Amino acid sequence: MRLRRFIALWAARNREFLRDRAALGWNVIFPVLVVAGLAFAFTGGPADLYKVGVFGAPGGEPPAFLETRYVDFIPVDDLGRAITRVERHQLAMVVDLHARRYWVNDTSPQGYMAERVLLGGEGEGGFVREAVSGQQIRYVDWVVPGVLAMNMMFSALYGVGYVVVRYRKNGVLKRLRATPLTAFEFLTAQVASRLWLLLAVTAFVYVGTDLFLGFPMYGAYFDLLLVATLGAISMISLGLVIASRLASEELAEGLLNLISWPMIFLSGVWFSLEGAHPALQQFALIFPLTHLIDAARAIMIDGAGLVEVAPQLVVLTVMSAVFLAIGSYLFRWE
């Protein structure tokens with residue numbers, strides 16, 4: 001790969017995007033409007049449905065508390081992480097069935113009601129109380145990583161896939177084929193150009209909205225940047241797979257919609273899949289957006305480090321390599 005050709009194509013793509021003021025403005029304004037609207041819509045009181053984490057298996061007969069209606073009992077494997085979610089008001093309570101203990105946040109209205117129900121069914125001597133404290137995580141705090149990741153997904157898929165198809169339809173790729181430029185140089189320049197623009201716009205939107213709403217950030221910004229970089233590369237590479245052969249903008253748009261909308265609804269952008277059917281949770285793992293959002297939320301809300309999000313990082317890296325290899329192999333200039 002010749003560096004001069006790569007830099008020339010990278011710079012040309014950057015200028016093309018920056019000159020399109022409408023597209024640039026929409027990439028900045030859209031996520032800001034979504035976050036502001038959600039912050040306004042969900043500033044009311046707590047929801048009526050309580051979520052209670054259940055750890056371990058009962059030593060004898062299951063407690064009557066587990067038969068309570070209108071309570072969503074969520075099995076948890078990591079007790080420490082579940083207690084952290086109680087501190088953040090993401091769970092009303094965590095119950096350890098084997099040790100007969102429960103953790104509740106004294107400042108949580110949901111935790112108070114769930115504790116009353118537990119003690120009313122089991123009696124004061126049934127479970128040992130453990131109190132925790134922490135700042136409440138609002139819905140807007142929880143949804144921000146999903147909204148930013150969704151904006152990255154749209155910009156990656158349409159900003160690369162749709163543009164490459166337009167190049168092919170307008171004959172730009174045919175003219176580039178007559179130059180010494182290789183397919184690998186062209187594709188990597190597209191990835192590099194879109195990557196830094198994605199990260200720059202996302203960072204600008206994050207900082208701007210954070211000034212007004214004050215999002216929690218318990219992890220390291222470097223870890224979040226690494227997750228965002230790998231997630232952006234994987235979705236840009238996925239867009240290149242779609243655009244590798246197509247010459248019809250209408251067909252490209254249909255395929256991009258076919259990929260993007262299931263990711264929006266199944267990757268946890270707006271709601272958690274906890275408690276959903278296990279098959280649906282496993283199916284959601286085929287989308288790079290799922291791993292991006294899970295890792296970003298773990299860092300921002302739970303304070304996770306690179307070790308905790310290593311599985312998501314590995315999956316995003318493998319997906320990026322596979323998508324880029326497939327796109328390079330299938331790519332056609334005409």
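Structural data are supplied above this passage.
Residues numbered from 1 in each chain as written. Predicted model: local features only at pLDDT ≥ 70, side-chain atom pairs only at ≥ 80, totals over all residues. Heavy atoms only, no water.

Asks: How should the sheet that holds strand S5 (residues 128-132) be read in this particular structure?
Replies: In sheet architecture, strand pairing relies on hydrogen bonds along the backbone and comes in two forms, parallel and antiparallel. Read across the sheet, five strands follow the order S2-S1-S3-S4-S5 without closing on themselves; strand pairing throughout is mixed. At either end of the open sheet lies a strand with only one pairing partner, and these are strand S2 (71-76) and S5. For this sheet the average axis-to-axis angle between neighbouring strands, irrespective of direction, equals 25 degrees. Judged from the five bridges that link them, strand S4 (residues 101-105) and S5 form a sheet pairing that is parallel. Bridge assignment links Trp103 to a residue of S5, and that residue is Glu130. (Pairing = 2+ DSSP bridges. Helix = DSSP H or I, 4+ residues; strand = E, 2+ residues; numbered from the N terminus. Axes fitted to C-alpha atoms, helices over the stretch in contact; angles between N-to-C directions.)

Asks: What's the story with unusual backbone geometry in this structure? I'm lost.
Replies: Among all residues save glycine, negative phi is the norm, and among peptide bonds the norm is trans. One non-glycine residue, Arg100, lies in positive phi territory at about 55 degrees. Residue position: Arg100 is located in the loop between strand S3 (93-96) and S4. Residue class for Arg100 comes out partly exposed when judged on its relative accessible area of 30%. (Buried < 20%, exposed > 50% of the residue type's maximum accessible area, 1.4 Å probe, protein only.)

Asks: Explain the side chain of Ser260 here, please?
Replies: In this structure, Ser260 sits in helix H9 (residues 249-266). Non-local contacts of Ser260, meaning those with residues more than four positions away in its chain, are made with Met153, Phe154, Leu157 and Tyr158. (Contact = heavy atoms within 4.5 Å.)

Asks: Looking at this model, I keep getting lost on the packing of aromatic side chains. Mind explaining?
Replies: The relation between two aromatic rings is expressed through the spacing of the ring centres and the mutual angle of the planes. Under the defined criterion, the tally for this structure stands at four aromatic pairs. Relative to Trp261, the ring of Phe154 lies with its centre 6.1 Å away and its plane at 65 degrees, an arrangement referred to as edge-to-face. With Phe154 in helix H5 (residues 139-170) and Trp261 in helix H9, this residue pair connects regions lying 107 residues apart in the sequence. The rings of Phe154, Tyr158, Trp261 and Phe265 are connected pair by pair, giving a single aromatic cluster. (Phe/Tyr/Trp six-rings, centres within 6.5 Å; stacked < 30°, edge-to-face > 60°.)

Asks: Explain the pattern of salt bridges to me, please; I cannot follow it from the model alone.
Replies: Close approach of charged atoms allows side chains of opposite charge to pair. This structure, assessed with the given rule, holds one salt bridge. Between Arg81 and Asp302 there is a salt bridge, and its shortest N-O distance comes to 3.4 Å. Pair noted here: Arg81 is in helix H3 (residues 79-87) and Asp302 is in helix H11 (residues 288-302), with a separation of 221 residues, a long-range link. Judged by its relative accessible area of 21%, Asp302 falls in the partly exposed class. (Salt bridge = Lys/Arg side-chain N within 4 Å of Asp/Glu carboxyl O.)

Asks: How should the pairing of S3 be read in this particular structure?
Replies: Each regular strand carries side chains that alternate between the two faces of the sheet. Residues Met93 and Val95 point to one face of S3 and Val94 and Asp96 to the other, with burial holding for every one of them. The sheet contact formed by strand S1 (residues 50-55) and S3 spans four bridges and is parallel. Residue pairing across strands places Val52 opposite Met93, the latter belonging to S3. Direction of pairing for S3 relative to S4: antiparallel, over a ladder of four bridges. For Asp96, the partnering residue across the bridge sits in S4 and is Arg101. Connecting S3 to the antiparallel partner S4 that follows it, the hairpin turn spans four residues, and Arg100 within it adopts a positive phi of roughly 55 degrees.

Asks: So what exactly am I meant to see when it comes to a nonpolar patch on the surface here?
Replies: Side chains of Val314, Val318, Val322 and Ile326 sit close together on the surface and give an oily, nonpolar patch of about 310 Å² of accessible area. By the element assignment, Val314 lies in helix H12 (residues 310-330). Val314 sits in the exposed class, given a relative accessible area of 52%. (Patch = residues over 30% accessible without salt bridge, like charges linked within 9 Å, V, L, I, M, F, W, Y side chains within 5 Å. Areas by Shrake-Rupley, 256 points an atom, 1.4 Å probe, with all protein chains shown as cover.)

Asks: I keep staring at H5 and nothing clicks. Help me out?
Replies: Helical geometry: 3.6 residues make up each α-helical turn, so side chains three or four residues apart lie on a common side. Here H5 spans 45 Å end to end across 32 residues, near enough to the 46 Å set by a 1.5 Å rise per residue. Burial within H5 is extensive, with 26 of its 32 residues counted as buried. At the exit of H5 stands Gly171, carrying a positive phi of roughly 85 degrees. (Expected span 1.5 Å × (residues − 1).)

Asks: It is not clear to me how the nonpolar core should be interpreted in this structure. Could you clarify?
Replies: Considering soluble globular proteins, one finds that nonpolar side chains tend to be buried as a cluster. Counting residues in hydrophobic clusters, the biggest one holds 70 residues, and the most contacted among them are Met153, Val164, Leu173, Phe186 and Leu289. For this core, the secondary structure elements donating two or more residues are H5, helix H6 (172-177), helix H7 (183-213), helix H8 (221-243), H9, H11 and H12. The leading source of residues in this core is H5, at 18 residues. Beyond its immediate chain neighbours, meaning those up to four positions away, Leu289 contacts Ala149, Met150, Met153, Met235, Met263, Ile264, Ser267 and Val269. Judged by nonpolar contacts, the second largest core, of 15 residues, contains Val71, Ala92, Tyr102 and Leu118. (Core = buried A, V, L, I, M, F, W, Y, C linked by side-chain atoms within 4.5 Å.)

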